[in-house]
Amino acid sequence: DKRYKKASPSLYPTPSRYPKENAYTTMGSSKPHGIRAARKLKKIRRINRWADKRYKKANFGTALKANPFAGASHAKGLVVEKLGIEAKQPNSAIRKCVRVQLMKNGKKITCFCPRDGALNYVDDNDEVLVAGFGRKGHAVGDIPGVRFKVVKVSGVGLLALYKEIKEKPHH
């Protein structure tokens, strides 16, 4: 049929006729290019970094204010009371914990006493050294709401007391 004429090759260029894609030919790449673009790129990156959760937590300052240790790795405190916290489902146990009032700011925190029978070495009004529980401010395992653990009791390591390497000083 003469009604359907074949289109001439110049109307539909072959892929080889297209220029190779690079920074100058891509349409709408939305990034500034060139030798004087650094300031604008830095500005865009500075604004967009706040969408990153870890960056925001590290630099906003509120995480540091909410942290009872206020940025430190360990803190000293006095034992206020001993607690037994029930483990989360499906586990069934009473995890031995202590309430500790920190010396540096007076905040009260709940700390886990690791190992079997370790709570027997901790008494009320003892000075304890407390560390994080290993998940950067999150509760660990089946112990709900407990983010810290007891490391030392009245200047002696809890592990040393447990293994009976050392004894607790009697004042």
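Up top is the structure.
Below is a summary of the structure that appears in this document. (Residues numbered from 1 in each chain as written. Predicted model: local features only at pLDDT ≥ 70, side-chain atom pairs only at ≥ 80, totals over all residues. Heavy atoms only, no water.)

## Considering the pattern of salt bridges
Under the definition given, this model contains four salt bridges. Where K168 meets D123, a salt bridge forms, and the shortest distance between an N and an O atom there is 3.0 Å. In this pair, K168 sits in the segment after α4 (158-162) while D123 sits in the loop between β3 (108-112) and β4 (127-132), placing the two residues 45 residues apart along the sequence. Given a relative accessible area of 15%, K168 falls into the buried group. Between K168 and D126 there is a salt bridge, with its nearest N and O atoms 2.5 Å apart. Note that K168 is positioned in the segment after α4 and D126 in the loop between β3 and β4, a separation of 42 residues in sequence. Both residues of the pair, K168 and D126, count as buried. In this structure, a network of salt bridges that share partners links the residues D123, D126 and K168. (Salt bridge = Lys/Arg side-chain N within 4 Å of Asp/Glu carboxyl O. Helix = DSSP H or I, 4+ residues; strand = E, 2+ residues; numbered from the N terminus. Buried < 20%, exposed > 50% of the residue type's maximum accessible area, 1.4 Å probe, protein only.)

## Describing the state of the cysteines
Tallied over the full model, the rule gives zero disulfides. Not engaged in a disulfide, the cysteine C97 finds its nearest cysteine sulfur in C113; these two sulfurs lie 7.1 Å apart. Residue class for C97 comes out buried when judged on its relative accessible area of 0%. (Disulfide = S-S within 2.5 Å.)

## Some remarks on the pairing of strand β5 (residues 148-153)
Note that β3 and β5 share two bridges and pair parallel. Note that in β5 the partner of C111 across the bridge is F148. Where β4 meets β5, five bridges bridge the pair, whose relative direction is antiparallel. Across the sheet, G132 pairs through a bridge with F148, a residue of β5. Pairing geometry for β5 and strand β6 (residues 156-157), over two bridges, is antiparallel. Counted as the bridge partner of V153 is V156 from β6. Hairpin connection between β5 and β6: a loop of two residues separates the two successive antiparallel strands, and S154 in this loop has a positive phi of roughly 40°. (Pairing = 2+ DSSP bridges.)

## Some points on the packing of aromatic side chains
Overall, the coordinates contain four aromatic pairs when judged by the stated rule. Seen in terms of ring centroids, W50 and Y55 are 5.1 Å apart; in terms of plane orientation they differ by 70°. Their pairing is edge-to-face. What makes W50 partly exposed here is its relative accessible area of 32%. Considering the side-chain rings of F69 and F148, the 4.8 Å spacing of their centres and the 35° angle between planes classify their relative orientation as tilted. Of the two residues, F69 sits in the loop between α3 (62-66) and β1 (74-86) while F148 sits in strand β5, which places them 79 residues apart along the sequence. Judged on exposure class, the residue F69 and its partner F148 are both buried. (Phe/Tyr/Trp six-rings, centres within 6.5 Å; stacked < 30°, edge-to-face > 60°.)

## Quick look at unusual backbone geometry
Between Q89 and P90 the backbone carries a cis peptide bond, its omega angle lying at 0°. Examined against the element boundaries, P90 turns out to sit in the loop between β1 and β2 (94-102). At R115, a residue that is not glycine, the phi angle is positive and equals roughly 80°. Counting through the fold element by element, R115 comes out in the loop between β3 and β4. The partly exposed category is assigned to R115, whose relative accessible area is 46%.

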